[in-house]
Amino acid sequence: MTTINSILQAQQRRRHVRVLASTLVFGLIALAAYLVLLGQGPLELSPRQVLDVLTGGGSESHIRVVWDLRLPVAIATVIVGTALGLAGSWTQTMARNPLASPDILGVTGGASVLVVLGTVHSRPSFAEGIPEFWWRACLAMIGALLVVILLAVLGGIGTSNRIVIVGIALSLMFQAVVAYLMRSAQIQRAAEAQTWLAGSTGFVRMEVIVPLLVALAPFLAIGIWCARELPLLAHDDSSATTLGVNISRQRALLLIAATGICAVVVSVVGPIGFIALLAPHLARMVARTPTPSPVASAAAGAALLTVCAVIAGAIPVNAPVGAVSSVIGGCALVVLVWNAARRS
C-alpha cells in the first residue's frame, strides 16, 4: 500500500511540474507576442523600443502611441484570451466533452443576438445615461442566460453528445437571426454592429479595462471556488458522487461562470470564436494531463489570442483578430472531430 501511495504521489508531482512548465511556456509566448503587438502599426517599434517606453524612456511620439493607443489593446487581448481559456477548460471538464465550449454551445451566439438587436434597432430603455459597456454587458448576460436555459431544456446539463448537437443547432439559428437583423437595420447602425461582430480588441481603450475586470471578477470567483472539485468531475457521475461531489450544483455553477465570462467578453470585443475551444486542448497536450488544467488553459488562451492578434496585424489586409482565430479554429475543429471519429 505504501509503495502504491508513493507511486501515485510521484505521478501527481510530475503532473504538477508539467502543468507549471506548460503554463510558463505559454506565458513566455504571450509575453513575447504582447511586446510584438505593442510595436505593430504604422509606427513600427522594436521590442527594445517598446520596453524602453514601458520603463519610462522613449520619445514623446512613441510614448503617446504605446500608452494611449496600443497598450489598452494589448492588455484587453491578454485578459480576453485568459478568460476564454478558463471558460473553455471549465466547460470541457464539466461536460467531459472535448467539443463543449461556450462558442460551440451557442452561448456566444445568444449573447450576440441581443447585443445586435439593441445596437441596430432600439437601444433598451434602461440604457439611458448608462455607458455603452454596461448596457451591452446586460444584454449579453440575458442572451447567454436564455441559451443556458434552452440547453438545459433541450440537451440537458450533462455529459452526452446531445448538448453539443443542440448547441451547434442553436449557434446556426442565432447566426441566421443576426443576419436578418443586419439586413433590416439602417446602414449606419448596421455598420456599427458589423464592426462589433467582427470580434476585435483593436477598438478597446483604457477606460474599458477596469469595467471589464470588474464584470469578470464575480464569474472568475465562482469558477475558482468550484475548481477544487473540478478534477473529480472528470470521473463518471457515480464515482464523483461517491467522492462527495454535488454534481448538479457544481455543473450549474461552472456553467454560470463560463457563460458569464463569455457574455462579458462578447459585450466588449464582440464574438471571438474558438479560443475557448482550442486553449484547453493545447494545455492538455503540452502538459500531458488527462483533463485540461485551468491555469495552463488560461495561459494558453492568452498566448493563442495574442499570437492571433500579431498575425492579424502582420497580414496586408486589415483583419480583426476574430477572423484569424476563426480560420485557425475552424481547421483545428475539423482535426478534433476527425480524431474523435477515428478513435471511436
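The rules we used
- Counting of residues starts from 1 at the beginning of each chain's written sequence and follows it residue by residue.
- Only residues with pLDDT of at least 70 get local features here, since the model is predicted, and only at 80 or more are side-chain atom pairs given and counted; chain-wide, interface and lining totals rely on the full set of residues.
- Hydrogens and waters are ignored; side-chain quantities use all the structure's heavy atoms.
- Under the scheme used here, helices are H or I runs from DSSP no shorter than 4 residues and strands are E runs no shorter than 2 residues, and both carry numbers assigned from the N terminus.
- Atoms counted for the radius of gyration: C-alpha only. Globule rule: 2.2 Å times residue count to the power 0.38.
- Categorising residues by exposure relies on relative accessible area from a 1.4 Å probe, with only protein chains included: less than 20% of the type maximum marks a residue as buried, more than 50% marks it as exposed, and the intermediate range marks it as partly exposed.
- Two residues form a contact once any of their heavy atoms are found within 4.5 Å.
- Asp and Glu are treated as the negative residues and Lys and Arg as the positive ones, with His and the ends of the chain left uncounted.
- Charge coordinates come from a single atom per side chain, which is NZ of Lys, CZ of Arg, CG of Asp or CD of Glu.
- In plain words, nonpolar cores are sets of buried Ala, Val, Leu, Ile, Met, Phe, Trp, Tyr and Cys residues tied together by side-chain atoms within 4.5 Å.
- By this rule the span expected of a helix is its residue count minus one, scaled by 1.5 Å.
- Between N-to-C directions, angles span 0 to 180 degrees; the directions come from axes that are lines fitted to C-alpha atoms, helices contributing only their stretch in contact.
- Our angle categories are set so that under 35 degrees counts as roughly parallel, over 145 as roughly antiparallel, 65 to 115 as roughly perpendicular, and the remainder as oblique.
- A pocket here means an open set of points on a 1 Å grid, computed over the protein atoms alone, that has protein on both sides within 12 Å along at least five of seven lines. A cavity is instead a set of points where a 1.4 Å probe fits but cannot get out; residues with an atom within 4 Å of a point line either one.
- Grid points are joined across faces, edges and corners, and a volume is the space filled by probe spheres set on the points.
- Residues are grouped as follows: Ala, Val, Leu, Ile, Met, Phe, Trp, Tyr, Cys and Pro are nonpolar; Asp, Glu, Lys and Arg are charged; every other residue, Gly included, is polar.
- Salt bridge criterion: a side-chain nitrogen from Lys or Arg within 4 Å of a carboxyl oxygen from Asp or Glu.
- Take the far helix as your reference; a near helix turned counterclockwise from it by less than a right angle gives a left-handed crossing, and one turned clockwise gives a right-handed crossing.

## Concerning the overall build of the chain
- The helix and strand tally for the chain stands at 14 helices and zero strands.
- The order of α-helices and β-strands along the chain, N terminus first, is α-α-α-α-α-α-α-α-α-α-α-α-α-α.
- Compactness check: the chain gives a C-alpha radius of gyration of 21 Å against a globular reference of 20 Å for 344 residues, within 12% of the reference.
- By its C-alpha atoms, the chain is 65 × 50 × 40 Å across when sized along the principal axes.
- The proportion of buried residues among the 344 residues of the chain is 49%.
- Taking as baseline every contact in the chain between residues at least 6 positions apart, the subset at least 24 positions apart corresponds to 77%.
- Distance between charge centres in the chain, computed from 21 positive and 12 negative side chains, equals 14 Å.

## Quick look at the nonpolar core
- Counting 93 residues, the largest nonpolar core has V116, M182 and I261 as its most contacted members.
- Those residues in contact with M182, other than ones at most four positions away along the chain, are V116, V120, A190, A193, Q194 and L197.

## Looking at unusual backbone geometry
- Positive phi, close to 75°, is recorded for F274, a residue that is not glycine.
- Relative to the helices and strands, F274 is located in the loop between α11 (247–269) and α12 (275–287).
- We note that R288 has phi near 55°; this positive angle belongs to a residue other than glycine.
- Here R288 lies in the loop between α12 and α13 (294–314).
- For R288, a relative accessible area of 59% corresponds to the exposed category.

## Structural notes on helix α4 (residues 107–120)
- The end-to-end C-alpha distance of α4 is 20 Å, a good match for the 20 Å that 14 residues give at a rise of 1.5 Å each.
- Counted residue by residue, α4 has 13 buried out of 14 residues, so it is predominantly covered.

## Here's the deal with the packing of helix α2 (residues 47–54) against helix α3 (residues 60–95)
- Here α2 crosses α3 at 90°, and the two axes come no closer than 10 Å. The orientation of α2 relative to α3 falls into the category roughly perpendicular. Along its contact with α2, which presents Q49, V53 and L54, the element α3 presents H62, I63, V66, W67 and L71.

## Remarks on empty space enclosed by the protein
- Evaluation of the coordinates by the stated rule reveals one cavity of 30 Å³ or more.
- Its boundaries defined by the atoms lining it, the largest cavity holds a volume of some 60 Å³.
- Considering the residues around the largest cavity, the lining is formed by L84, D103, T108, C262, V265, V266, G270, I272 and A276.
- Residue contributions to the lining of the largest cavity peak at three residues, all from α11.
- Tallied by class, residues from the lining of the largest cavity come to six nonpolar, two polar and one charged.

## Examining the pattern of salt bridges
- Overall, the coordinates contain one salt bridge when judged by the stated rule.
- For E60, the salt bridge goes to R64, with nearest N and O atoms at 2.9 Å. Remark: R64 and E60 occur in helix α3; sequence separation between them is four residues, near one turn of the helix.
- Since its relative accessible area comes to 59%, E60 is described here as exposed.

## Some remarks on the packing of helix α5 (residues 132–154) against helix α8 (residues 206–226)
- In contact at an axis separation of 11 Å, α5 and α8 are set at 30° when each is read in the N-to-C sense. Taken together, α5 and α8 sit at an angle that is classed as roughly parallel. Pair α5 / α8 crosses with right-handed handedness. When α5 is examined against α8, the residues F133, W134 and M141 are found in contact with a partner set consisting of V208, P211, L212, V214, A215 and F219.

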